[in-house]
Amino acid sequence: MPFQRLRLPTLIALACTAAATPMSHATTGTTPVTDDAPAHARCAQLRPGMNYREAMAIMGRAPDSTLSGHSAAGSDGDPPAGSHAIDFWHDTDADGRRRTTSMRYRGGVIEAVDCGRPDPDPRAAGPGGE
């Protein structure tokens, strides 16, 4: 009998502990990335609408380069003036190919992400590229 009384409180404590464990911010179908994961692996956790600070925390490092601009308001005030930017991260995948990840944002809100796009092979230069 004492064992059964001990089991119920233990089960309740375990259930409470599991419920109190912080939930991962990863979306369904993704696995958490490690601290040394390349940018294109981390990018899979980014979503449009996410704020910039959250996204940078997921990316784990500053971008390698940034393209920024400022849009002017139209004559009627539409669209509103505002700053926008695209951050870029460059990594090499397991096969040794260079990949570029980009994140476009405006006003601190992520608009689009492009994870691990293969860079063109510089040896396969097109017309006028030689």
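In what follows, the accompanying structure is described.

Reading guide: rules and limits
Residues numbered from 1 in each chain as written. Predicted model: local features only at pLDDT ≥ 70, side-chain atom pairs only at ≥ 80, totals over all residues. Heavy atoms only, no water. Helix = DSSP H or I, 4+ residues; strand = E, 2+ residues; numbered from the N terminus. Contact = heavy atoms within 4.5 Å. Areas by Shrake-Rupley, 256 points an atom, 1.4 Å probe, with all protein chains shown as cover. Buried < 20%, exposed > 50% of the residue type's maximum accessible area, 1.4 Å probe, protein only. Polar contact = N/O pair within 3.5 Å; in protein donor to acceptor, adjacent residues only side chain to side chain. Salt bridge = Lys/Arg side-chain N within 4 Å of Asp/Glu carboxyl O. Core = buried A, V, L, I, M, F, W, Y, C linked by side-chain atoms within 4.5 Å. Arc of directions from axis to C-beta.

## Some details on the overall build of the protein
Right, so step 1: For the protein, the helix and strand inventory stands at three helices and four strands.
Right, so step 2: Its helices and strands taken in sequence order, the protein reads α-α-α-β-β-β-β from the N to the C terminus.
Right, so step 3: Sequence-distant contacts in the protein: of pairs separated by 6 or more residues, those separated by 24 or more amount to 35%.
Right, so step 4: As displayed, the protein has an accessible area near 9,400 Å², and 58% of this comes from carbon and sulfur atoms.

## A word on the environment of Asn 51
Right, so step 1: Its place among the elements puts Asn 51 in the loop between α2 (39-42) and α3 (52-59).
Right, so step 2: Owing to a relative accessible area of 36%, Asn 51 belongs among the partly exposed residues under this scheme.
Right, so step 3: Excluding its chain neighbours within four sequence positions, the residues that come into contact with Asn 51 are Gly 108 and Ile 110.
Right, so step 4: Among the polar contacts made by the side chain of Asn 51, one reaches the main-chain amide nitrogen of Arg 53 at a distance of 3.0 Å.
Right, so step 5: In terms of polar contacts, Asn 51 uses its side chain to reach the backbone amide nitrogen of Glu 54, at 2.8 Å.

## A few points about the side chain of Thr 100
Right, so step 1: Within the secondary structure layout, Thr 100 lies in strand β3 (residues 98-106).
Right, so step 2: Judged by its relative accessible area of 14%, Thr 100 is buried.
Right, so step 3: Once residues lying within four places of it in the same chain are set aside, the contact partners of Thr 100 are Phe 88, Trp 89, His 90, Asp 114, Cys 115, Gly 116, Arg 117 and Asp 119.

## Overview of the pattern of salt bridges
Right, so step 1: All told, the structure shown has nine salt bridges when counted by the stated rule.
Right, so step 2: Between Arg 97 and Asp 95 there is a salt bridge, with its nearest N and O atoms 3.2 Å apart.
Right, so step 3: Note on Asp 95: relative accessible area 61%, which makes it exposed.
Right, so step 4: Here Asp 119 makes a salt bridge to Arg 98, at a shortest N to O gap of 2.6 Å. Separated by 21 residues along the polypeptide, Asp 119 in the segment after β4 (109-118) and Arg 98 in strand β3 bring together distant segments of the chain.
Right, so step 5: Each of Asp 93, Asp 95, Arg 97 and Arg 99 takes part in one network of salt bridges that share partners.

## Considerations on the nonpolar core
Right, so step 1: Ranked by size, the top nonpolar core spans 13 residues in total, and within it Leu 46, Met 50, Ala 55, Trp 89, Met 103 and Ile 110 carry the most contacts.
Right, so step 2: Aside from chain neighbours lying at most four places away, what touches Met 50 is Gln 45, Ala 55, Ile 58, Gly 108, Val 109 and Ile 110.

## Side note on α3
Right, so step 1: Among the residues making up α3, those that are buried are Ala 55, Met 56, Ile 58 and Met 59. Each buried residue of α3 lies within a common arc of 160 degrees when the element is viewed along its axis, so the set occupies one face. Counted as exposed and oriented over 90 degrees from the buried face of α3: Arg 53 and Ala 57.
Right, so step 2: Contacts from the buried residues of α3 go to α2, β2 (82-92), β3 and β4.
Right, so step 3: The N-cap residue of α3 is Asn 51: its side-chain oxygen and the backbone nitrogen of Arg 53 are 3.0 Å apart.
Right, so step 4: Downstream of α3 by one or two residues, Gly 60 has phi in the positive range, about 80 degrees.

Interpretation note: all reported values are geometric properties and have no functional meaning in isolation.
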